[in-house]
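Residue-level structure breakdown
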Amino acid sequence: MRQSELFTKTKKEVPKDEVSVNAQLLIKAGFIDKLAAGIYSFLPLGLRVLKKIENIIREEMNTIGGQEILMPALHPKDLWEKTGRWDMMDDLYKIKDVSGKELALGPTHEEIIVPLVQKYIQSYKDIPFYAYQIQTKFRMELRSKSGLLRGREFSMKDLYSFHLDEKDLEDYYEKAKNSYVNIFNKIGLGKITHLTFASGGSFSKYSHEFQTLSEAGEDLIHICKKCSVAINEEIKGETKECPECGGDDFEEKKAIEVGNIFKLKDKFSKPFDLKVKNEKGEEVTLIMGCYGLGPSRVMGTIVEVYNDDKGMIWPQSVAPYQVHLIEIKNQKSKIKNEAEDIYNKLQSEGIEVLYDDRDISAGEKFADADLIGIPYRVVVSDKSLKVGGVEVKKRDSEKSEIVKTSELVSKIT
Ligand code: ATP
Ligand code: MG
């Protein structure tokens, strides 16, 4: 992408009420735009990051047998009345059309997937199975002051699993847990994301959260010093020993909940009477698990934990581009041709490049590159060519080095 053609620009100012680090940096760098509290547009650079996060999640969901679907955001009221959540859920957006018919804007999709599944599942032979979507959710969040961490409209991956018995649910739940570990490793948050025991609600002793350490977090977790699994403050109560390993020495840290997995058992299958015939011909109610993960919150989390006073520092796997190519022009130089050649060469090697071909000063280009936070900065200037190549600097390192143009591709892959 030529930066001269990118319609978004970096900004010096951000909206006054935007207090979170992630929103400030993402808005300044032109990744997102704020429409209202907790409501954002994703701009070209930001959308690339979001899609990369979503694709890492998608791949892992497919690996554990998830079948991707896409359910609606508009939900008829009667489905939400059936589970009692029309009146119980405080953050449900309710709307009315001209005929007076009431609908909800979906904050989650148990009420939709259960009756959907009911139309297709008849016998035990159809079970187990797993379906997921990556879809926009709506929640009337009162505290939407945290940028992408708490949207009123936000992206969620929600997977639902359907089982005949608890053992099968248990086994799949473990699989899903491991796939979440893989996801956070791939996204670059693995080392600072803790599997955390949380309240299971009324239907199970515990659920599990994935909590990423950050001062911006709203949760307090107690990390077991022996096995590094954590317990959420809200449930800790009298718990003295780590439910995972029995350890009794904990460290308290603030964290952001990036994922949450639940054993729902028959909480939603029962009100909808979701049953199949078992091998003996008897009707059994299915039991379920649900597995949530928020790509947009993950994006905000990455910015919260990987930044410095100059801007964002993207992990390679989710960076909008791998290389920020910068040409520094000089009236009579051949820089333009060199930079164009490198741009084409890198792209032909499948490397994603943001090419700063704008007519602005070197200082402005460097400041923008630091703010945007692409992993490799590659500078082509008279100076670099004179000493034999291009100047390569990693965003997270102070040092740069001159690399021969012919060796650039192997240097950055
Ligand atoms: P929180 O306690 O932070 O409000 P939650 O328990 O309501 O989260 P879930 O209903 O379990 O969240 O949703 C699954 C995932 O969706 C969360 O782990 C998080 O990654 C994401 N998520 C939830 N609410 C929001 C939001 N308002 N904005 C962005 N992402 C969200
Ligand atoms: Mg919530």
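Residues numbered from 1 in each chain as written. Chains lettered and ligands numbered in written order. Predicted model: local features only at pLDDT ≥ 70, side-chain atom pairs only at ≥ 80, totals over all residues. Heavy atoms only, no water.

1. As for the overall build of the chain
Regarding its fold elements, the chain presents 12 helices and 23 strands. Based on the C-alpha atoms only, the size of the chain along its principal axes is roughly 85 × 60 × 45 Å. Evaluated residue by residue, the chain yields a buried proportion of 53% over its 413 residues. The long-range share in the chain, meaning contacts at least 24 apart out of those at least 6 apart in sequence, stands at 67%. Here the chain contributes 63 positively and 68 negatively charged side chains, and the mean placements of these two sets differ by 3 Å. (Helix = DSSP H or I, 4+ residues; strand = E, 2+ residues; numbered from the N terminus. Buried < 20%, exposed > 50% of the residue type's maximum accessible area, 1.4 Å probe, protein only. Contact = heavy atoms within 4.5 Å. Lys, Arg positive; Asp, Glu negative; His and termini not counted. Charge placed at Lys NZ, Arg CZ, Asp CG, Glu CD.)

2. Focus on the pairing of strand β19 (residues 323-327)
Buried residues dominate β19, accounting for five of its five residues. Burial of the side chains of β19 extends over both faces: Val323, Leu325 and Glu327 are buried on one face and His324 and Ile326 on the other. One ladder, built from four bridges, connects β19 with strand β20 (residues 353-356); its direction is parallel. By the bridge assignment, Ile326 is partnered in β20 with Asp356. Taken together, the five bridges between β19 and strand β21 (residues 376-380) define a ladder with parallel strand orientation. Bridge pairing links His324 to Arg377 in β21. (Pairing = 2+ DSSP bridges.)

3. Concerning the side chain of Asp368
Mapped onto the elements, Asp368 comes out in helix α10 (residues 362-372). Of the polar contacts made by the side chain of Asp368, one reaches the side chain of Arg358; its length is 2.9 Å. The residues touching Asp368, leaving out its near neighbours within four places in the chain, are Gln3, Thr10 and Arg358. (Polar contact = N/O pair within 3.5 Å; in protein donor to acceptor, adjacent residues only side chain to side chain.)

4. Let's talk about the pattern of salt bridges
According to the stated counting rule, one finds 34 salt bridges in the structure shown. Arg48 is the salt-bridge partner of Glu352, the closest N and O atoms lying 3.2 Å from each other. Taken together, the residues Glu352 in the loop between α9 (335-348) and β20 and Arg48 in helix α2 (residues 44-63) connect sequence positions 304 residues apart. Using a relative accessible area of 28% as the deciding quantity, one classes Arg48 as partly exposed. Between Glu327 and Lys329 there is a salt bridge, with its nearest N and O atoms 3.4 Å apart. Given a relative accessible area of 1%, Glu327 falls into the buried group. You can call Lys329 partly exposed: its relative accessible area is 37%. (Salt bridge = Lys/Arg side-chain N within 4 Å of Asp/Glu carboxyl O.)

5. Considerations on the side chain of Lys365
Inspection of the secondary structure puts Lys365 in helix α10. Buried charge Lys365 goes without a salt bridge, the closest partner of opposite sign being Asp356 at 4.1 Å. From its side chain, Lys365 meets the backbone oxygen of Glu327 in a polar contact 2.8 Å long. Among residues more than four places away in sequence, those in contact with Lys365 are Ile326, Glu327, Asp356, Asp357, Arg358 and Ile360.

6. So, the site of ligand 1
Taken together, 14 residues lie near ligand 1, and Glu141, Arg150, Gly151, Glu257 and Val258 sit nearest. Take Glu141: an N or O atom from its side chain is 2.8 Å from a nitrogen atom of ligand 1. Val258 has a polar backbone atom sitting 2.8 Å from an oxygen atom of ligand 1. Computed on the free molecule, ligand 1 has an accessible area of 590 Å², of which 82% lies beneath the protein chains in the complex. Only β8 (153-163) and β13 (250-265) provide two or more residues apiece to the shell around ligand 1. When grouped by side-chain class, the residues that make up the shell around ligand 1 number five nonpolar, four polar and five charged. (Near = heavy atom within 4 Å. Areas by Shrake-Rupley, 256 points an atom, 1.4 Å probe, with all protein chains shown as cover. Nonpolar A, V, L, I, M, F, W, Y, C, P; charged D, E, K, R; others polar.)

7. Comments concerning the domain arrangement of the chain
When the domains of the chain are assigned, the result is domain 1 (3-308) and domain 2 (323-412). Here domain 1 and domain 2 share an interface that buries about 1000 Å² over both sides, 52% of which is from carbon and sulfur atoms. Taken as a group, Gln3, Ser4 and Thr10 account for 51% of the area that domain 1 buries against domain 2, more than any other trio of residues on that side. Taken together, domain 1 and domain 2 are joined by three salt bridges. For Lys52, the salt bridge identified is with Glu352, shortest N-O distance 2.6 Å. (Domains from an automatic or database assignment. Buried area = accessible area lost by both parts, 1.4 Å probe.)

8. What about the environment of Leu286?
Relative to the helices and strands, Leu286 resides in the loop between β15 (283-285) and β16 (287-293). In this structure the C-alpha to C-alpha distance between Leu286 and Ser4, which are 282 residues apart in sequence, comes to 56 Å. Those residues in contact with Leu286, other than ones at most four positions away along the chain, are Ile121, Ile127, Phe162, His163, Leu164, Lys265, Asp266, Ser269, Leu274 and Val276.

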